[in-house]
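# Structural characterization, general
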Amino acid sequence: MARLLRAKTLAWSLPALSLALVVVTMLVLWLAPAWRPGTQLAPLLGYLALPLAFPVVGALVAGREPANPVGWLFGAIGVVGGVQVAASAVVLVEPALPGRDWAAWLTSWLDAVALGGLGAALLYFPDGRLPSRRWWAVVWLLALAVAGLLVAVGSQRELVGSAGIANPLGISLPGGRRPYEAVYYSSWLLLWAGIIAAVSSLLTRFSRARGERRQQLKWLAFAATLLGTLGVLTIVAYYLGVRSLVVFAGLGLLAIPVAVGIAIGRHRLYDIDVLINRTLVYGLLTVVLGACYAATVLLLGAGLGEQVLKDPGAASAATLVAAIAFRPVRRRIQAGVDRRFNRRKYDAARTIEAFGTRLRRLVDLDALISELEAVVDETMQPTSSSLLLRPLEPEAAPGPGGIAGDDLLLSGVHWSGRPVEVDALQLDSAALRELRAAGARLVVPLIGQGELVGLLHLGPRRGGRPYSADDRALLGDLASQAAPAVRLAQLVRRQQDEVRERERIDHELHVAQLIQQRFLPPAPPDLPGWHLAALYRPAQAVGGDFYDFISLPGGRVGIVVGDVTDKGMPAALVMATTHGILRAEAPRLVAPHRVLERANDLLLGETFEHMFVTCLYAVLDPASGRLSFANAGHNLPYLRGEAGVAELRATGMPLGLLPGQRYEEQFATVAPGDDLLLYSDGLTEAHGPDREMFGFPRLTELVGGGAGGQELIDRLLAELAAFTGPGWEQEDDITLVALRRAPAASMAAAPAGAAGRVLTQFEAPSEAGNERLVIDRVVAAVSPLGLPQDRLERLGTAVGEAARNAIEHGNANNPELPVAVRVVTHEGNLLVQVTDHGGGRPIPEPATPDLAAKLAGEQSPRGWGLFLIQNMVDELHTTSDARHHTVELVMHLDARGVGGTHKEEG
Amino acid sequence: MNQASLTIDARQVDRRTSVLDIRGEMTAAGEAALMSAYATANTPTTRAIVLNFSDLEYLNSGGIGMLVTFLVRANRQHQRLLAYGLTQHYRQIFELTRLDEAIGIFDSEADALAAG
C-alpha cells in the first residue's frame, strides 16, 4: 500500500514538474520584450500537448499500475516535453537570456528522446510487458538510436534548429561534418526503424487480439492513424504555406496519450467503434463536401467566367450545394462505412429495418412480442431480454410487468426517452433494484405518442462485451419503431378479448335463455270459470324472471311470479333451482308462507353471493275464489274488484338472503268478475324516452280499466309500447300473469246473492261438543239456499263430523286453537271448509268401517266419522300443510241453485 | 258441551223387554249415561232392549260407535236391540252403517214391543 502510495506521489510529481515547466515557458514568452525574428509560435503551441497530456495519463496509469512502464515512460516524455518547450522559449526570447546556448543545445536533441520513449511505450502497451523477449532488441535499438543522436547532435558545432547559436559543447572533428552526419543519419534511421518495429508489433498484436485487448489496441491504432493523417496533412499544409495548421499536428499528438489513457483505464473502451465510425464518416464527408464545394465553384467559374469567382454569390451557391448534399451524402457514407467496416452494426440495422417493415403487418401482440425479442436477440445477443408491457388501463395494474405506477424507474426512463444503462441509473426504485438483481444491463423504454408503452430490459451480452453507443442507438430506433405497433397490438388484443367475451356472454345468454324457457309452463292451466293468461318477455340480456302454475290438492292452483337478481347463467341456474324447490314443496306444504319459508331455507345454500330471488306465491282455490298468498319481496299483486283496485300486501324478505325468515300469510277473495294481476318490475321500471318510469300509478290505473286475462296483458303491452316509444330496448324481463274470474252473469241460473259468495266465516274454540255450535251456524248460514231438509241434515252431520275431527284430532281439544269454518257457494256448489291446526302430518286413510267386523271384535267399534262425511256430501277434499289441515265438504246445488237429490251411494 | 246433554231413562216393559228413552245428543260423551241406563234395564230375564230415539236431537259417529259397543255387549247377553222413533235422516244413517241390520228399526214402540 505504502509502495503504491509512493508510486502515486512520484507519478503525479512528473506532471506537476511538466506543468511547472510549461508555466515557466508561458511566463518567459509573456514577459519577453521581443522574439527572435522569424519565430513561429504554432509548432511550439502544438508541442504543448507533450508536457500537458502525456504526464497526466502517465500518472493515471503509473498510479494504478506502477509496474507498467508505459505510465513512467509517458511521465518521462512529459517532463522531456516540458524541458523542451521551456528551452525553446528561452531560445526565442530577445534580448538573449543567459544560458540561451545551453537551451538551444537541449532543444536540438530532446525531441529524439521523446520519440524514443514513445516508441518504447508502444512496445510496452498496453499491459507493460513486451510481446516477447526478442523485443528487448528493439528497446535497445531505440536506446542506441537516441544515444547516437545525442552524441551526433550534441557535439556538433552548429545546433540543429537554432541557427546562429553556437553549441557550448561543440567540438570539431577532423573529418569536418561528415562523421557527425554519418552518426546523425544512421541514428535517425535506427530510431525510425525501432518505431516502425514498435508500430508493426502493435499491428500484429492488434490483428491477433480479441475482446478487450483488441479494443485497447484499437484505441491506440486509431490515435496513431489520426496522428499520422494529421501529420501528413500538416506537412502538406506547411509546404503549401498554411503554417498555422501545425497546431493540428500537435493536437494529433494529443490523441496518443488520450487513447492510451482510455485503453489502459478501460473507461469507455468500447466506444472506439463509434468513434472510428464517426471519424471515418465525417472525414469522408468533409472530403466529399469539400470536393463538391470546389467542383461547384469551378463549374460556375468555367460557365460564367472569372468574375463570378470574385462574386460572393458563387461561394454562397457552393455552400448551398454542400449544405443540400450534406444529409443524403452523410447517410450514404454512413451506410457505406457501416457495410464495409462495421458489418455487425450494418446487419443489425438491416434487421431492425426489416422488422420495421414487418411491424406494419404484425397486429397480434404475442407474435409481435416474440418477433421483437427475436430481433433484440439477433442484433444484440443478450443473455436474456424481456419486454414488460404497461397495461392499457393504468388503474388495472399500474406499471408494466407489475411495476408500481409511481416507481421512479418509469418516469426516469420515460423522461430519458432512450436506452439507459442500468448501472448509470441512480434512482430510489424498487423496480430498478429488482432489475439489477436480475442482472439487467440495459433498460429500453418503448414510448409511443409520448406515452410509456413498456420496458425492454436486456441482460449482459453473450460475449461479455458491453453495449456500445451504437447498440444503444439501434435499440432506441427499434424501440421507437416497435412502441406504436405494440400499443396498436395491445388495442387489437383488447378488442379481440372484448369480442371473445361478448361471444362468450352471448352463448351463455343463449343457454340461460334455453334453461329459462324450459322452466316456463307451456300454457296456463284451464280452470273452469277462470281465464288465466301469462306473458314472459325476456330482455335482450336474459334476466331472471319466472312464473309458474302448480296444481295442488283439492283442485287448488299455486301461482308463482318471481325475479332473480342478476342476469345470465347464474340467474338462470338460481331460477331453475327456485322453480324446482317450489314445484317440490308447494303440493306438500300448500300454505304459501310455508312454501316460501321452505324455499328460502333451501335456496340459501344454492344462490351465489349477492344474489336473491323475489317471489310472490299465491294459492288459488278456483272453486271459491279464495286466494292465500305470501310475498318474498316481490311486487304487490293487484286485485281489481267492485270497490276498485287494491294491492295485496304481505310482508317478507326476498328468498336466499337470510336464514330462518318468516313470511306472512294473507288472504283475499277473487269474486266473480274480479281481476288479479301478478307482475315483475320489468314493466313498472321501464323508462320512457325522457327517463320517466312507467310506474305503479299508471299500472294501477290500467288494471282498474276493466280489462282482464289476456286482454289485460295486451292492453298493458300496448300502453308500454306507447309509453316507451319506438326503438326502445327492453331493459329487464317483463312477466305478467293475469287472472280473471268469470263474472256472475255467466252463471245464468244462479240466484243473485247466492252464488260465489262467502256465506259465513267464523272460528270456534276447540272444546268437546262445540261441533254442535258449528253445525248450527253453518245450517243457519246456508238457510238462504233453501236446501231440502234431508240435504241440510246430511250437511249438518258431515259438518259436525268434520268439526269434531278438527276439535278432537286436529286441535287435540285445545281451546286455544280455533277451528276455522268457511261456508262458500261457488258455481253451483256449496263448500264448507273446516280448518284446524293439525298440519304437518297426513290425515290417515281410515279403513272402511264394517259393522260385522266390528261386532266380531275385528275392528274398533269407532271410526265412523269420515265414512259418514263421505256419504253425507257430494265431494270431500282434504289438504294439509305444515300447520293446518283443511277438510272441504262440497255439496252440489241443482240448476236452481239449491241442493239437488242426493247421490245414491253404492 | 256437557254430559247432561244426553239423558237416558230405562223402563222395564216386561221381564223380557226394557225400553231406554234417549233424550238429547247421542255422542261418545254419553257413554256413561248409556251404560248406567243399560245396567238398570238389564235383568237376567231381559231378552230385548228397545231404544227410543223419539227425542234424539243429535247422533254422530261417536254415538254410532257407542251403539256398536252397546250392540256387542247386548249380543253377548243374547239380547236383541230394537229401535224406534228415528227420523228419516238417522234412519238413513242406520241404513248406511248397516246398523239397521243388527238393530231392528220400527216406527213405534208398539211395533217394537210386538216384534220383541
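Residues numbered from 1 in each chain as written. Chains lettered and ligands numbered in written order. Predicted model: local features only at pLDDT ≥ 70, side-chain atom pairs only at ≥ 80, totals over all residues. Heavy atoms only, no water.

### Digging into the overall build of chain B
We count it as follows: Only DSSP runs of H or I reaching four residues or more are called helices, and only runs of E reaching two or more are called strands; each is numbered from the N terminus. Residue exposure (1.4 Å probe, protein chains only): buried if accessible area is under 20% of the type maximum, exposed if over 50%, otherwise partly exposed. In what follows, a contact means two residues having at least one pair of non-hydrogen atoms within 4.5 Å. The protein chains shown are the only cover counted for residues, whose accessible areas, like all others here, come from Shrake-Rupley with a 1.4 Å probe.
Per the secondary structure count, chain B includes five helices and five strands. Expressed as a percentage of its 116 residues, the buried residues of chain B come to 52%. The contacts of chain B with a sequence gap of at least 6 include a subset with a gap of at least 24, amounting to 68%. About 4,900 Å² of surface is accessible on chain B, with carbon and sulfur atoms providing 46% of the total.

### What about the overall build of chain A?
The number of helices and strands found in chain A is 26 helices and 21 strands. Each of the 906 residues in chain A was classed as buried or not, and the buried ones make up 48%. Taking all contacts inside chain A whose residues are at least 6 apart in sequence as the whole, residues at least 24 apart take part in 69%.

### With respect to helix H3 (residues 88–97) of chain B
Within the sequence span of H3(B), burial applies to His89(B), Tyr90(B), Gln92(B), Ile93(B), Phe94(B) and Thr97(B). Positive phi shows up at Arg98(B), right after H3(B), with a value of about 65°.

### Some remarks on the environment of Arg649(A)
Residues and elements named next belong to chain A. We count it as follows: Residues adjacent in sequence count toward polar contacts only when both atoms are side-chain atoms; beyond that, a polar contact is any pair of N or O atoms within 3.5 Å, and within protein one must be able to donate a hydrogen and the other to accept it.
Note on placement: Arg649 falls in the loop between strand S13 (644–647) and strand S14 (666–669). Sequence-distant contacts of Arg649, defined by excluding residues within four places in its chain, comprise Phe629, Leu636 and Gln666. A polar contact of 2.8 Å, which involves the side chain of Arg649, links it to the side chain of Glu647.

### Regarding a nonpolar patch on the surface
Residues and elements named next belong to chain A. What counts is decided by this rule: Exposure above 30% relative accessible area and no salt bridge define the residues that can form patches, which grow by joining like charges within 9 Å and nonpolar side chains of Val, Leu, Ile, Met, Phe, Trp and Tyr within 5 Å. Salt bridges are counted wherever a side-chain nitrogen of Lys or Arg sits within 4 Å of a carboxyl oxygen of Asp or Glu.
Together, Leu19, Val23, Leu27, Trp30, Leu31 and Leu52 give the surface a local cluster of nonpolar side chains, amounting to about 670 Å² of exposed area. Following the sequence through the fold, Leu31 ends up in helix H1 (residues 2–31). With a relative accessible area of 64%, Leu31 lands in the exposed category.

### Quick notes on the interface of chain B and chain A
To keep it simple, the criterion reads: A 1.4 Å probe defines the accessible area here, and the buried area is the portion of it lost by two parts on being joined, summed over both. Charged means Asp, Glu, Lys or Arg here, nonpolar means Ala, Val, Leu, Ile, Met, Phe, Trp, Tyr, Cys or Pro, and polar covers whatever is left, Gly included.
Each partner contributes to the interface: chain B provides 22 residues, whereas chain A provides 22 residues. Between chain B and chain A, roughly 2,000 Å² of surface is buried when both sides are summed, and carbon and sulfur atoms account for 64% of that area. Applying the counting rule to chain B against chain A returns one salt bridge. For Arg772(A), the salt bridge goes to Glu25(B), with nearest N and O atoms at 2.4 Å. Where chain B meets chain A, there are six residue pairs in polar contact (both at pLDDT 80 or more). In terms of residue count, the dominant contributor to the side of chain B that touches chain A is helix H2 (residues 61–76) of chain B (eight residues). Broken down by class, the residue content of the side of chain B that touches chain A amounts to 11 nonpolar, eight polar and three charged.

### A closer look at the side chain of Thr97(B)
With respect to the helices, strands and loops of the structure, Thr97(B) is situated in helix H3. If we skip the residues at most four places from it in the chain, Thr97(B) touches Leu851(A), Trp864(A), Phe867(A) and Ile64(B).

### Focus on the sheet that holds strand S4 (residues 80–84) of chain B
All names here are of chain B. For clarity, the threshold we go by: Paired strands, in this sense, are two strands between which DSSP finds at least two bridges. Inter-axis angles, ranging from 0 to 180 degrees, are taken between N-to-C directions of lines fitted to C-alpha atoms, where helices are fitted over the stretch in contact.
The strand order across the open sheet built from five strands is S1-S2-S3-S4-S5, with neighbouring strands paired in mixed fashion. Unpaired on one side and paired on the other, strand S1 (6–12) and strand S5 (103–106) mark the two borders of the sheet. Across this sheet, the average inter-strand angle for adjacent strands is 20°, counted without regard to direction. Sheet analysis places strand S3 (residues 48–59) next to S4, joined by five bridges and oriented parallel. By the bridge assignment for S4, Ala48 is matched with Arg80.

### Some details on unusual backbone geometry
Glycine aside, negative phi is the norm for most residues, and most peptide bonds take the trans geometry. Residues and elements named next belong to chain A. Cis rather than trans, the peptide bond between Phe125 and Pro126 has omega equal to -5°. Here Pro126 lies in the loop between helix H5 (100–124) and helix H6 (136–154). Even without being glycine, Gln449 reaches a positive phi, approximately 50°. When you line up the elements, Gln449 lands in the loop between strand S5 (442–448) and strand S6 (451–458). Despite not being glycine, Asn813 shows a phi value in the positive range, around 60°. Structurally, Asn813 can be placed in the loop between helix H24 (789–810) and strand S18 (818–826).

### Comments concerning the sheet that holds strand S4 (residues 420–421) of chain A
Residue and element names in this part refer to chain A. Strand order in the open sheet made by the four strands is S3-S6-S5-S4, with antiparallel pairing throughout. The sheet is open, and its two borders are formed by strand S3 (385–389) and S4, each paired with just one other strand. Of the pairings in the sheet, the one linking S4 to S5 comprises two bridges and is antiparallel in character. Along S5, the bridge assignment pairs Val420 with Val443. Lying over the sheet, helix H14 (residues 365–380) contacts S3, S5 and S6, oriented at roughly 145° with respect to S3. Packing against the sheet, helix H17 (residues 469–518) makes contact with S3, S4, S5 and S6, and its axis sits at approximately 45° to S5.

### Side note on the environment of Leu408(A)
Residue and element names in this part refer to chain A. Take Leu408: it is sitting in helix H15 (residues 408–416). Leu408 sits in the partly exposed class, given a relative accessible area of 40%. If we ignore the near neighbours within four places in the chain, the residues touching Leu408 are Leu427, Asp428 and Ser429.

### Points about H24(A)
Residues and elements named next belong to chain A. This is how the line gets drawn: In this analysis, the expected span of each helix is defined as 1.5 Å times one less than the number of residues it contains.
Taking 1.5 Å of rise per residue, the 22 residues of H24 would be expected to cover 32 Å, and the 29 Å separating its terminal C-alpha atoms lies within 8% of that figure. Among the 22 residues of H24, 16 are classified as buried, and the element is accordingly described as predominantly covered. With its phi angle positive at about 50°, Ala812 sits one or two positions after the end of H24.

### Observations regarding the pattern of salt bridges
Opposite charge on two side chains lets them pair, provided their charged atoms get close. On inspection of all chains with the given rule, the structure shows 31 salt bridges over all chains. One salt-bridge network, in which partners are shared between bridges, spans Asp127(A), Arg129(A) and Arg213(A).

### Here's the deal with the pairing of strand S8 (residues 544–551) of chain A
Residue and element names in this part refer to chain A. Counting buried positions over the eight residues of S8 gives seven, a clear majority of the element. For S8 and strand S9 (residues 557–564), the ladder comprises eight bridges, and the chain directions are antiparallel. Considered in S9, the bridge of Phe549 is made with Ile559. Linkage of S8 to S9, two consecutive antiparallel strands, is achieved through a turn of five residues, within which Gly554 is found at a positive phi near 75°.

### Thoughts on the confidence of the model for chain A
Atomic detail in the predicted coordinates should be set aside for any region of low pLDDT. All names here are of chain A. Using the following cut-off: A residue's pLDDT is the confidence the predictor assigns to it, expressed on a 0 to 100 scale.
For chain A, per-residue confidence averages 82 on the pLDDT scale, and 91% of positions sit at 70 or higher. Model confidence for chain A, summarised as mean pLDDT per element, is weakest for helix H11 (residues 306–310) at 60 and strongest for strand S15 (residues 675–679) at 94. Under a pLDDT of 50 for its full length, residues 895–906 has, in the predicted model, 26 contacts with residues more than four places off or in other chains.

### Section: the packing of aromatic side chains
Residues and elements named next belong to chain A. What counts here: Classification of ring pairs uses Phe, Tyr and Trp, with its six-membered ring standing for Trp, and accepts pairs whose centres are within 6.5 Å; under 30 degrees between planes counts as stacked, over 60 as edge-to-face, and the remaining range as tilted.
Enumeration according to the criterion identifies 11 aromatic pairs over all chains in this entry. Centroid distance Trp102 to Trp105: 5.7 Å. Interplanar angle 80°. Geometry classified as edge-to-face. Pair noted here: Trp102 and Trp105 are both in helix H5, with a separation of three residues, about one helical turn. Take Trp102: its relative accessible area is 41%, and that puts it in the partly exposed class. Take Trp105: its relative accessible area is 14%, and that puts it in the buried class. Between Trp864 and Phe867 the ring centres are 5.9 Å apart and the planes differ by 65°, which places this aromatic pair in the edge-to-face class.

### Topic: the side chain of Thr17(B)
Turning to its location among the elements, Thr17(B) is positioned in strand S2 (residues 17–26). With near-sequence residues (within four places) excluded, Thr17(B) lies in contact with Gln12(B), Ala48(B), Val50(B) and Leu113(B).

### Regarding the environment of Phe667(A)
Residue and element names in this part refer to chain A. Here Phe667 is to be found in strand S14. Its relative accessible area of 44% is what places Phe667 among the partly exposed residues. On a C-alpha basis, the gap between Phe667 and Ser628 in space is 4.3 Å, while along the polypeptide they are 39 residues apart. Those residues within four positions of Phe667 in sequence are excluded, and the remaining contacts are Arg626, Leu627, Ser628 and Phe629.

### A few points about the nonpolar core
Residue and element names in this part refer to chain A. Keep this limit in mind: Side-chain atoms within 4.5 Å are what join buried Ala, Val, Leu, Ile, Met, Phe, Trp, Tyr and Cys residues into a set we call a nonpolar core.
Membership of the largest hydrophobic core comes to 66 residues, with the highest contact counts inside it found for Val778 and Leu795. A per-element tally of this core places H24 first, with eight residues. Formed by 58 residues, the second largest nonpolar core is a distinct cluster that contains Leu110, Ala114, Ala120 and Tyr124.

### Some points on the packing of helix H13 (residues 343–359) of chain A against H14(A)
Residue and element names in this part refer to chain A. The following threshold applies: Small angles under 35 degrees read as roughly parallel and large ones over 145 as roughly antiparallel, with 65 to 115 read as roughly perpendicular and the rest as oblique.
Where H13 contacts H14, the axes come no closer than 9 Å and their chain directions differ by 170°. Here H13 is positioned roughly antiparallel relative to H14, judged by the angle of their axes. Here H13 contributes Arg344, Ala348, Thr351, Ile352, Phe355, Arg358 and Leu359 to the contact with H14, which in turn contributes Leu368, Glu371, Leu372, Val375, Glu378 and Thr379. Split by residue class, the contact of H13 with H14 holds seven nonpolar, two polar and four charged.

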